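Here is what each chain is made of, one letter per residue.
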Amino acid sequence: MTRSEFASKLLGLKSALIFCHVHSDGDTLSCAFALYYAYKKLGKNAEIVCDSEVNGQNLNWVPFLPKNLPTDEYDGCIAVDTPILEHLGKAGEFFKKQRRTFAIDHHITNSRYATFNYISDKPACSMVTYDVIKQMGVVIDKTIANCLLVGMLTDTNCFTIGGLDGEVFQTVSELIGFGADFSDTYDKLFRTEPKEKVLLIGKVFSNVKYFHGGKLAIITVSQETLRETSADESMTLGLVDYLTKIDGVDVGISILESRSKFYRISFRSRFTNVSEIARVFGGGGHIHASGAVLSGYHEDVIDKLVFTVGNYLL
Ligand SMILES: [Mn+2]
């Protein structure tokens with residue numbers, strides 16, 4: 001379906017319910033709020049739903065907290081930045097039952113679970129959302145532009161990931177033209193941390209474990225550490241990125257104990273292809289950033305990870 005066909009279907013909706021993926025990040029929220037304000041500008045009712053906690057780091061830009069589950073009927077449902085229906089959590093059950101569903105996404109692996117899907121391979125979903133909102137004929141204002149900028153900054157790690165082309169910077173330039181405040185948004189996202197997170201960083205990094213002659217570094221965030229520091233899971237986002245900054249480290253792994261004997265594993269690397277390592281554990285992702293889930297005893301999980309990384313280290 002072309003962008004203009006998709007945009008005219010969105011424009012035809014009398015009201016819109018917008019869905020973020022669980023463990024929401026800057027990009028999914030960015031798209032949701034931009035669309036929300038676009039519908040408000042059109043004089044239409046809109047609502048945002050996210051079936052998980054949305055408080056924590058870097059959310060001081062969020063205008064209001066979305067509802068966890070839908071409470072009302074809307075003319076259409078739109079999922080943003082969500083490659084599979086399961087990532088909507090319990091809200092996915094509601095989404096699935098609706099007549100008119102839409103997905104806006106930048107993951108080319110998107111499973112096309114909605115009735116109408118607009119998927120475009122861009123560094124951030126907020127860039128796809130930007131194209132859609134423009135196509136809807138909505139005049140982008142400062143509020144919408146600021147929202148869209150958030151997703152671009154967060155999904156590109158502040159324009160530092162590899163493979164970015166000129167379009168990204170062209171889009172930022174246009175958003176600034178529409179009134180987006182770059183330095184204020186940057187400040188809110190990257191120069192403001194909650195005290196609990198600083199405490200968490202201190203605890204976690206005082207206990208980095210090194211393997212394979214210092215080429216592999218692993219941190220663990222246990223439920224106990226989260227309790228001790230009053231930090232929440234969202235504050236662990238980005239911790240893994242510090243590991244590959246350590247001199248000599250090629251692969252960095254963070255083990256987040258999501259619940260007892262159940263771990264969300266994040267892989268980062270300078271050189272080694274960690275998407276292959278993640279795939280060994282049923283996960284996936286990109287060459288230098290990937291993830292998987294593992295269960296069992298913490299020591300066994302470490303052993304498995306250390307052994308497997310040893311087979312792939314360059
Ligand atoms: Mn995204």
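Residue numbers restart at each chain and count upward from 1, following the sequence in its written direction. Per-residue local features of the predicted model are confined to residues with pLDDT of at least 70, and side-chain atom pairs are confined, for both listing and counting, to 80 or more; whole-chain, interface and lining totals are unaffected and use all residues.

Some words on the sheet that holds strand S3 (residues 76-80)
Right, so step 1: As summarised here, the arrangement of the five strands in space is S2-S1-S3-S4-S5, forming an open sheet in which the pairing is parallel. Only two strands of the sheet have a single neighbouring strand rather than two, namely strand S2 (45-49) and strand S5 (116-119). Across the sheet, the mean angle from the axis of one strand to that of its neighbour is 15°, orientation sign disregarded.
Right, so step 2: With five bridges joining them, strand S1 (residues 15-19) and S2 adopt parallel strand pairing. Its bridge partner lying in S2, leucine 17 is registered against glutamate 47. Should DSSP find at least two bridges between two strands, the strands are regarded as paired. Each helix is a run of DSSP H or I of at least 4 residues and each strand a run of E of at least 2, with the numbering of both proceeding from the N terminus. Working convention: axes come from line fits to C-alpha atoms, limited for helices to the stretch in contact. Angles between N-to-C directions cover 0 to 180 degrees.

Re the environment of serine 4
Right, so step 1: Checked against the element boundaries, serine 4 lands in helix H1 (residues 3-12).
Right, so step 2: We classify serine 4 as exposed; it has 11 C-beta atoms within 10 Å.
Right, so step 3: Separated by 132 residues in sequence, serine 4 and methionine 136 place their C-alpha atoms 7.8 Å apart. Exposed residues have 12 or fewer other C-beta atoms within 10 Å of their own C-beta, buried residues have 20 or more, and residues in between are partly exposed; the C-beta atoms are placed from the backbone.

Brief notes about the environment of valine 306
Right, so step 1: Note on placement: valine 306 falls in helix H11 (residues 298-312).
Right, so step 2: Among the residues examined, valine 306 registers 15 C-beta atoms within 10 Å and is labelled partly exposed.
Right, so step 3: For valine 306 and isoleucine 218, which are 88 residues apart along the polypeptide, the C-alpha to C-alpha distance reads 9.0 Å.
Right, so step 4: Valine 306 has contacts with Phe211 and Leu216, leaving out every residue within four places of it along the chain. Contact between residues is assigned whenever the C-beta positions, reconstructed from backbone atoms, fall within 7 Å.

Details of helix H5 (residues 142-155)
Right, so step 1: Given the number of residues in a helix, its expected span is that number minus one, multiplied by 1.5 Å. Under the 1.5 Å per step criterion, the end-to-end length of H5 is 20 Å for 14 residues, consistent within 8% with the ideal 20 Å.
Right, so step 2: Counting buried residues in H5 gives twelve out of 14 residues, a clear majority hidden from the surface.
Right, so step 3: Of all the residues in H5, the buried ones are Ile144, Ala145, Asn146, Cys147, Leu148, Leu149, Val150, Gly151, Met152, Leu153, Thr154 and Asp155.
Right, so step 4: Buried residues in H5 make contact with helix H2 (26-41), helix H4 (125-135), helix H6 (166-177) and helix H7 (182-190).
Right, so step 5: With its phi angle positive at about 45°, asparagine 157 sits one or two positions after the end of H5.

A short note on the domain arrangement of the chain
Right, so step 1: If you check the domain split of the chain, you get domain 1 (3-190) and domain 2 (195-312).
Right, so step 2: Where each domain starts and ends follows an automatic or database-derived domain assignment. One C-alpha centre belongs to domain 1, the other to domain 2, and the line joining them spans 28 Å.

Thoughts on the pairing of strand S9 (residues 262-269)
Right, so step 1: Extensive coverage of S9 is indicated by the burial of six of its eight residues.
Right, so step 2: In terms of strand pairing, strand S8 (residues 251-259) meets S9 through eight bridges, oriented antiparallel. Across the sheet, glycine 252 pairs through a bridge with arginine 268, a residue of S9.
Right, so step 3: Connecting S8 to the antiparallel partner S9 that follows it, the hairpin turn spans two residues, and lysine 261 within it adopts a positive phi of roughly 60°.
Right, so step 4: Here S9 runs beside strand S11 (residues 289-295); their pairing, made up of seven bridges, is antiparallel. Within S11, the residue paired with phenylalanine 262 across the bridge is serine 295.

Quick word on the packing of H2 against H4
Right, so step 1: Across the interface, H2 lies against H4 with an axial gap of 8 Å and an inter-helix angle of 15°. In this view, H2 runs roughly parallel relative to H4, as classed from their interaxial angle. For the element pair H2 and H4, the recorded crossing hand is right-handed. Residues Asp27, Thr28, Ser30, Cys31, Ala34, Leu35 and Ala38 of H2 touch H4, and the partners they reach there are Cys125, Ser126, Thr129 and Ile133.
Right, so step 2: Residues are sorted three ways: Asp, Glu, Lys and Arg are charged, Ala, Val, Leu, Ile, Met, Phe, Trp, Tyr, Cys and Pro are nonpolar, and all the rest, Gly among them, are polar. Tallied by class, the residues present in the contact of H2 with H4 amount to six nonpolar, four polar and one charged. Note that the term roughly parallel is reserved for angles under 35 degrees, roughly antiparallel for angles over 145, roughly perpendicular for angles of 65 to 115, and oblique for everything else. Throughout, a crossing is termed right-handed when the near helix is turned clockwise from the far one, and left-handed when it is turned anticlockwise from it by less than a right angle.

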